[in-house]
Structure formats: C-alpha cells, structure tokens
Amino acid sequence: MWRLRIESSYAARFINYIYKIPEGNKSKIINVPKIIKNTDKERLFWRGIFDTDGSIRQKNKEISFSTKSKIMNEDFINFCKKNGIQIFNTNKNDRFNNV
C-alpha cells in the first residue's frame, strides 16, 4: 500500500477549502462532502472511513462504524439503504454505532 504524506499548511488549507472541511474539532459536525455525495466516488469515501473508523467481521458478515457526528451517521445509513445493506443503529454515550 502506498501512502502520501504532505507536510504543508498551504496544502492542508487548500484541501479543507475544496472539500469544505472546517479546521479544528469537527467530530460532531463532519459529513460526506457534497462534491462526493451521491457520486461513484462515495463508495471510495466510505472505504476510506472504514480504514480508520470502521471494522468488518467476515465470520459474522458484519460491518461496524462509529461516529460522534449525527450528520455522518445519517449519511452512512442513507448510503447503506441505497446499496441494499440492512443496518442496525444505536446511540451510546453520545456516539452513533452502526452494525
């Protein structure tokens, strides 16, 4: 796997501007960027999110995703419904969990 690391405040600000990502604490307000939502790239977006905030259990045929963002949780539920994935949603300790 290849990983690109850019240590540039200019590049970070540019990416934040393009994808409308606010600076600072965003755990409760983050969502799928409009430029990605409902496009063929949305599947890749969720793949990236699962690399960091999700898990897949092949034995149980179960995926799990946890977030503090109600908006991101709703985006994930909608993505699953669009793709015929049955989902169970819980809210525990101000965190949304999807299985």
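As a reminder, the structure under discussion sits directly above these lines.
Since the structure is predicted, the reported quantities are computational estimates derived from the model, not experimental observations.

A few words on unusual backbone geometry. Its identity is not glycine, yet N38 carries a phi of approximately 60°, on the positive side. Considering the arrangement of structural elements, one finds N38 in the loop between α1 (9-18) and α2 (42-53).

The end-to-end C-alpha distance of helix α3 (residues 70-82) is 18 Å, a good match for the 18 Å that 13 residues give at a rise of 1.5 Å each. Restricting attention to buried positions, one finds in α3 the residues M72, N73, D75, F76, I77, F79 and C80. Directly beyond the C-terminal end of α3, a positive phi value near 70° is found at G84.

Now for the pairing of strand β1 (residues 54-57). Here four bridges tie β1 to strand β2 (residues 62-67), and the two strands are oriented antiparallel to one another. Counterpart to S55 in the pairing with β2 is S64. Where β1 folds back on β2, the antiparallel hairpin that results is connected by four residues, among which K61 adopts a positive phi of roughly 55°.

Reading the values: the criteria
- Residues numbered from 1 in each chain as written.
- Predicted model: local features only at pLDDT ≥ 70, side-chain atom pairs only at ≥ 80, totals over all residues.
- Heavy atoms only, no water.
- Helix = DSSP H or I, 4+ residues; strand = E, 2+ residues; numbered from the N terminus.
- Expected span 1.5 Å × (residues − 1).
- Buried < 20%, exposed > 50% of the residue type's maximum accessible area, 1.4 Å probe, protein only.
- Pairing = 2+ DSSP bridges.

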